[in-house]
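# An overview of the molecular structure
In case you want the letters, here they are:
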Amino acid sequence: MVDKKRRDFIVTTTVAFGAGGAIAATWPLLKSFGPSADVLATATREVDISNVGAGQSVKVLWQGKPVYIRNRTEEEIKMARNADLTSLKDPERDAVRVKPNKENWLVVVGVCTHLGCVPLSNTDGTFFCPCHGSHYDTSGRVVSGPAPTNLVVPDYYFVNDTTVIVGAKEKNV
Ligand code: FES
């Protein structure tokens, strides 16, 4: 997609300047600014979640950032759904932060929205950032502390019940 944009840019520029030769000479240089092959290879991350039982989480690295994938208990889901949105700094329903029929899975980027520390995943499904004391609930929403917004939910989708792809949207959705 990036390349297509670049190509469109090149085409536009070529038309604008009417100088195809100069553009052709510039192309390899412009192309070198695009993401390298190894960066593209890590754009998505496939994670096997078959061993993550209810009440457990895994932390994986995706594009250099930690991502928590948690298998929430019934209790944690209930807490996330019943939260009083008016009391939240960044009000978001739990339903928009998880996938339909997969409400037990919470997938969030483990980077505190305050100054970027990695929050700890608590055994009760909440998160705590040790740097300046931000707390996040079982939906990854900030409930106290200096963090201004909720933990980010990355693009992800389930290939099947035991495999999740982080970093991309399901094609036909
Ligand atoms: S970086 Fe997390 S509370 Fe400041």
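Residues numbered from 1 in each chain as written. Predicted model: local features only at pLDDT ≥ 70, side-chain atom pairs only at ≥ 80, totals over all residues. Heavy atoms only, no water.

## Thoughts on the state of the cysteines
In plain terms, the rule: Note that a disulfide, as used here, is simply two cysteine sulfur atoms within 2.5 Å. A run of H or I in DSSP counts as a helix once it spans at least four residues, and a run of E counts as a strand once it spans at least two, with each numbered from the N terminus.
The final tally for this structure, using the stated rule, is 1 disulfide. Between Cys-117 and Cys-131 runs a disulfide, and the two sulfur atoms are separated by 1.9 Å. Its S-S torsion of about -90° marks the bond between Cys-117 and Cys-131 as left-handed, since a negative value means left-handed. With a gap of 14 residues between them, Cys-117 in the loop between strand S4 (105-109) and strand S5 (120-121) and Cys-131 in the loop between strand S6 (127-129) and strand S7 (134-136) connect regions that are remote in the sequence.

## Some details on the sheet that holds strand S9 (residues 156-160)
Hydrogen bonding along the main chain pairs the strands of a sheet, whether they run parallel or antiparallel. Convention followed: Two strands pair if DSSP finds at least two bridges between them. In this description, a line fitted to the C-alpha atoms serves as the axis of each element, helices being fitted only across the stretch in contact, and the angle between N-to-C directions of two axes falls anywhere from 0 to 180 degrees.
Strand order across the open sheet formed by 3 strands is S1-S10-S9, with antiparallel pairing between neighbours. Across the chains shown, the open sheet's two edge strands, defined by having one partner strand only, are strand S1 (45-48) and S9. Taken over all neighbouring pairs, the strand axes of this sheet differ in orientation by 25° on average, direction set aside. Pairing analysis gives 4 bridges linking S9 to strand S10 (residues 163-166), with the strands arranged antiparallel. Bridge pairing in S10 places Phe-158 opposite Val-164.

## Digging into the environment of Thr-163
Keep this limit in mind: In this description, contact between two residues means that some pair of their heavy atoms is separated by no more than 4.5 Å.
Tracing the sequence through the fold places Thr-163 in strand S10. When sequence neighbours within four positions are dropped, the list of residues in contact with Thr-163 reads Glu-46, Val-47, Ile-49, Tyr-157 and Phe-158.

## Here's the deal with the confidence of the model for the protein chain
The criterion, for reference: Predictor confidence is given residue by residue as pLDDT, running from a minimum of 0 to a maximum of 100.
Predicted confidence across the protein chain gives a mean pLDDT of 86, with 75% of residues reaching 70 or more. Considering only residues more than four positions removed or in separate chains, one finds that residues 10-17, a stretch of pLDDT under 50, has 8 contacts.

## Points about the pairing of S4
Which entries qualify depends on this criterion: Residue exposure (1.4 Å probe, protein chains only): buried if accessible area is under 20% of the type maximum, exposed if over 50%, otherwise partly exposed.
Counting buried residues in S4 gives 5 out of 5 residues, a clear majority hidden from the surface. Burial of the side chains of S4 extends over both faces: Trp-105, Val-107 and Val-109 are buried on one face and Leu-106 and Val-108 on the other. Inspection of the sheet shows strand S3 (residues 65-71) paired to S4 by 5 bridges, in the antiparallel sense. Note that in S4 the partner of Tyr-68 across the bridge is Val-108.

## Concerning unusual backbone geometry
The phi torsion at Gln-63 lies on the positive side, around 50°, for a residue other than glycine. Here Gln-63 shows up in the loop between strand S2 (56-62) and S3. One non-glycine residue, Asn-101, adopts positive backbone phi at about 65°. Within the secondary structure, Asn-101 is located in the loop between helix H4 (74-82) and S4. Classification of Asn-101 as exposed rests on a relative accessible area of 71%.

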